[in-house]
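Architecture and fold: a report
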Amino acid sequence: MELSRAITLHLPKRFEVGQGTAARLGAWAGEVRTLVIAQPVTAGMVDRLDLAGAVQVFDGVQPEPKDTDLDAALVVARDFRPDLVVGLGGGSVMDVAKLVAALWNSDQGLTEVAGPNKVAQKCSLLAQVATTAGTGSEGGIRALVTSTGTGMKVAVESPHMAADIAILDPDLTMTVPPAVTAATGVDALAHCVEAFTNINAHPLIDDYARMGIRLAGQFLRRAVTDGTDAEARAGMLLSSFYGGLCLGPVNTAAGHALAYPLGTRAGIPHGLSVALLFADVLAFNAPAVPGKTGEVLAALGLPASDDPAQIRASVAGYCADLGIEMSMQANGAKESDLRAWAEEAHGIRRLMDNNPRDMSVDEVEAIYRAAF
């Protein structure tokens, strides 16, 4: 926790936040060739970006993107040769956009760039326009896609994947359904909490994390209750953005490692996977970081406690009150898979090694069973 400890933070070159800011992208970009990476649900928002010049839309990104989605997007990009790549969507779309902007005119492929600092260049400018408040991918330099060969997440991290402009326009999030708002909002909260309680925690990142946690505590319930509440939507976009800033220099920990098999193996959306396990992981880690756990509880309006069982119950109740069905089984998980998932999650050392408290395979399985 020493202020003198070296840390590197990469930020978008330009940041626009507030109602109507999506329409500023066209003026910033000028008349250029623009490839928009989207999903069918966000492709209809392209006109709101006020883009000039030739525009090509690729909307073939799945909610949990695979390397085949990236390959298909790269085929389109190499044919179109964009000056600008725009990610218009949530984390899945923005992660694919990062990789397309970095790889479409490169000799490198996903295998060559997997891991930290292996991307050689940026092939075009990159704009990120968030349409959900969850991953904060617009603020970070990391991208995740699932390998169809292994079923595991492939992580790529590079400053070449920082956005040249990031736009947070709450108007684009107004139609996100309450259930998705709740799950992605807990994901944003978890990014901040996992960085905040991380063994690599740093005072600089702690303050971003605190802001993200407090914003979620103030605005998540409001955004779920009334999707047209512009202040609440803007607050959650900022919470998500701060969480994204936490990921590069500090990263997440056990919470996300445990969530990944739920997405890659059972097809549970990422935000929901994180939400299902959030209370259990926070309670497990509480004895190692009691002060910071207390800050999280206070920000969420929950009673102070040093009892892991009470912490789990109150945080799980908070998530359930948002409308989240807090049962892995109810969301498609099978009990027979839990041991194998526990072994897989335990093996994700790039995240598990960040956790403030060591977690065995048996303890991972116990958390799965508690959340089952």
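One can find the structure itself at the top, above this paragraph.
A brief structural summary. Worth saying up front: this structure is predicted, and the values here are computed from it rather than measured. (Residues numbered from 1 in each chain as written. Predicted model: local features only at pLDDT ≥ 70, side-chain atom pairs only at ≥ 80, totals over all residues. Heavy atoms only, no water.)

Okay, the side chain of Asp164 next. Structurally, Asp164 is set in the loop between strand S8 (153-157) and strand S9 (165-168). Within the local environment of Asp164, its side chain forms a polar contact with the side chain of Lys13, the two groups lying 3.4 Å apart. The contacts of Asp164, once residues within four sequence positions are left out, are Lys13, Arg14, Trp28, Lys122, Leu125 and Leu126. (Helix = DSSP H or I, 4+ residues; strand = E, 2+ residues; numbered from the N terminus. Polar contact = N/O pair within 3.5 Å; in protein donor to acceptor, adjacent residues only side chain to side chain. Contact = heavy atoms within 4.5 Å.)

The subject of this paragraph is the side chain of Thr252. Position of Thr252 relative to the elements: it lies in the loop between helix H8 (230-247) and helix H9 (254-266). Judged by relative accessible area, Thr252 falls into the buried class, the value being 3%. Ignoring sequence-local partners within four residues, the contact set of Thr252 consists of His191, Glu194, Asn198, Leu247, Leu351 and Asn354. (Buried < 20%, exposed > 50% of the residue type's maximum accessible area, 1.4 Å probe, protein only.)

Moving on, we come to the sheet that holds strand S7 (residues 142-146). Strands sit in the order S5-S8-S7 across an open sheet of 3 strands; the sheet is mixed. Both edges of this open sheet fall to strand S5 (115-116) and S7, since each of them pairs with a single strand only. Note that S5 and S8 share 2 bridges and pair parallel. When the sheet's bridge partners are listed, Gly115 is paired in S8 with Val156. (Pairing = 2+ DSSP bridges.)

Attention shifts here to the packing of aromatic side chains. The tally for this structure, following the rule as stated, stands at 4 aromatic pairs. A centroid spacing of 6.2 Å and a plane angle of 55° characterise the contact between Phe241 and Tyr242, whose relative ring orientation is tilted. Judged by its relative accessible area of 16%, Tyr242 is buried. For the ring pair Trp341 and Tyr368, a centre distance of 6.3 Å and an interplane angle of 80° mean the geometry is edge-to-face. Taken together, the positions of Trp341 in helix H13 (residues 338-346) and Tyr368 in helix H15 (residues 361-371) put the pair 27 residues apart, joining distant regions of the chain. The buried category is assigned to Trp341, whose relative accessible area is 4%. Taking relative accessible area as the criterion, Tyr368 reaches 0% and is therefore assigned buried. Each member of the aromatic cluster is reached from another via a ring pair, and the members are Phe15, Tyr208, Phe241 and Tyr242. The ring of Phe196 carries Lys292 above its face, with NZ or CZ at 4.6 Å from the centroid. The ring of Phe284 carries the charged tip of Arg357 above its face, separated from the ring centre by 4.0 Å. (Phe/Tyr/Trp six-rings, centres within 6.5 Å; stacked < 30°, edge-to-face > 60°. Lys NZ or Arg CZ within 6 Å of the ring centre and 35° of its normal.)

A few words now on the pattern of salt bridges. If you walk through the whole model with that rule in mind, you get 20 salt bridges. With its nearest N and O atoms 2.9 Å apart, the salt bridge here joins Glu344 to Arg265. Of the two residues, Glu344 is situated in helix H13 and Arg265 in helix H9; the sequence distance between them amounts to 79 residues. Where Arg312 meets Asp280, a salt bridge forms, and the shortest distance between an N and an O atom there is 2.5 Å. Linking Arg312 in helix H12 (residues 308-321) with Asp280 in helix H10 (residues 270-285), this pair joins segments that are 32 residues apart in sequence. Using a relative accessible area of 27% as the deciding quantity, one classes Arg312 as partly exposed. (Salt bridge = Lys/Arg side-chain N within 4 Å of Asp/Glu carboxyl O.)

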